[in-house]
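Observations on the model geometry
In case you want the letters, here they are:
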Amino acid sequence: MEQRVIKRVAAIHDLSGFGRASLTAIIPTLSSMGVQVCPLPTAILSNHTGGFDHYSFVDLTDTMEEYIDHWKRLNLTFDCIYSGFLGSVRQIEIVAGFLDHFGGEDTLAVVDPVMGDNGRLYSSMKPEITEEMKKLVGKADIITPNFTEAAFLLGEPYREEITDEEVKAWLLRLSEMGPRTVIITSVPGRRVTGRVQSEDTNVIAYDRPGNAFWKVGCRYIPAFYPGTGDTFTSVIIGSLLQGDSLPVAIDRGVQFISQCIKASYGFDYPRREGVLLEKELDILKMPAIMGSFEML
Ligand code: PXL
């Protein structure tokens, strides 16, 4: 592969004009980390669907193949292929074909199997998306499902409590589907009689090459902001492309999202607009500081 000064990521996501999710979160995050983003848009929405009750939606499935054909004619190569929100079974097939063509040993394949949250599929997702998404997961090096998406991929009922040992079993089963690294976000942590403890949700990961489980605790902040999953995975990709180890990359992702939420929470504005990313992006230019990850 050619020597590139700037690492290059193909980002296969929707473009939502308002609300800081998908490409409008991914592009600034990776750019701030010195990585070039080449978007392959899956759909164009006026605004994302989390917390807004109306939006326009233009499905780009029919344009994707021609778009990809031009990238093939340009002989483009990528250091990473990163897919997220996909609107249809057909789009998943197109992404699978993209991974077959542009993927390889020197290309990190990251699949964020965006399907739902809080135990439910997103309103725009049809139930058959889960079966199709499993095929894409099988082609990935790294997957970053949230706890709900992990349950859907495994056919497990959603639950509000889980032990570390049970999460480890889930991680191994997900890794057996293909990916060498599995990172589950929003894993419920300890609760005491309804009162939430400080370390309430965790990111727990399994890395097959190192045969290691990693855990990073996140302090509970009572606010949900759409798009934080896209920013989180982007920070992990940027960090890995900069040469960080997996636990450091996960830790940087968790620290950055926590900082964004803390910096946003004190301001009175609709949460559906996402975290105040623009205020915090410069943090990504700083070197990683002391991590809070632990080995499980
Ligand atoms: O961040 C995930 C996401 C991506 N794209 C669209 C969404 C959402 C979450 O709500 O609505 C269109």
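To be clear, the structure that these remarks concern was listed above.
Let me begin by describing the structure that accompanies this report. Here the structure is a predicted model, which is why all the values come from computation and not from measurement. (Residues numbered from 1 in each chain as written. Predicted model: local features only at pLDDT ≥ 70, side-chain atom pairs only at ≥ 80, totals over all residues. Heavy atoms only, no water.)

Before going further, it helps to spend a moment on the overall build of the protein. Helix and strand content of the protein: 9 helices and 14 strands. The C-alpha radius of gyration of the protein comes to 18 Å, within 12% of the 19 Å expected for a compact globule of 296 residues. Taken along its principal axes, the extent of the C-alpha atoms in the protein is 60 × 45 × 40 Å. Residue burial in the protein is summarised as follows: out of 296 residues, 52% are buried. Partitioning the intrachain contacts of the protein with sequence separation of at least 6 by distance along the chain shows that 69% fall at a separation of at least 24. Counting every atom, the protein has about 13900 Å² of accessible surface; 52% of that belongs to carbon and sulfur. (Helix = DSSP H or I, 4+ residues; strand = E, 2+ residues; numbered from the N terminus. Rg over C-alpha atoms; globule rule 2.2 N^0.38 Å. Buried < 20%, exposed > 50% of the residue type's maximum accessible area, 1.4 Å probe, protein only. Contact = heavy atoms within 4.5 Å. Areas by Shrake-Rupley, 256 points an atom, 1.4 Å probe, with all protein chains shown as cover.)

This next bit is on the site of the ligand. Contacts to the ligand come from Asp14, Ser16, Ala21, Ser22, Leu45, His48, Thr49, Gly50, Phe85, Gly227 and Asp230. A distance of 2.7 Å separates a nitrogen atom of the ligand from a polar side-chain atom of Asp14. A breakdown of the residues in the shell around the ligand according to their chemical character gives 3 nonpolar, 6 polar and 2 charged. (Near = heavy atom within 4 Å. Polar contact = N/O pair within 3.5 Å; in protein donor to acceptor, adjacent residues only side chain to side chain. Nonpolar A, V, L, I, M, F, W, Y, C, P; charged D, E, K, R; others polar.)

The next point concerns helix 8 (residues 246-265). For helix 8, with 20 residues, the first-to-last C-alpha span of 28 Å sits near the 28 Å given by 1.5 Å per residue. Most of helix 8 sits out of view: 15 of its 20 residues are buried. (Expected span 1.5 Å × (residues − 1).)

A few words now on unusual backbone geometry. Leave glycine aside and you will find that most residues have negative phi; peptide bonds, for their part, are mostly trans. Phi is positive for Arg20, which is not a glycine, with a value near 50°. Along the chain, Arg20 falls in the loop between strand 1 (7-16) and helix 1 (23-32). Of note in this structure, Asn211 is not a glycine but carries a positive phi near 45°. By the secondary structure assignment, Asn211 is in the loop between strand 12 (199-207) and strand 13 (212-219). Assessed through its relative accessible area of 57%, Asn211 is described here as exposed.

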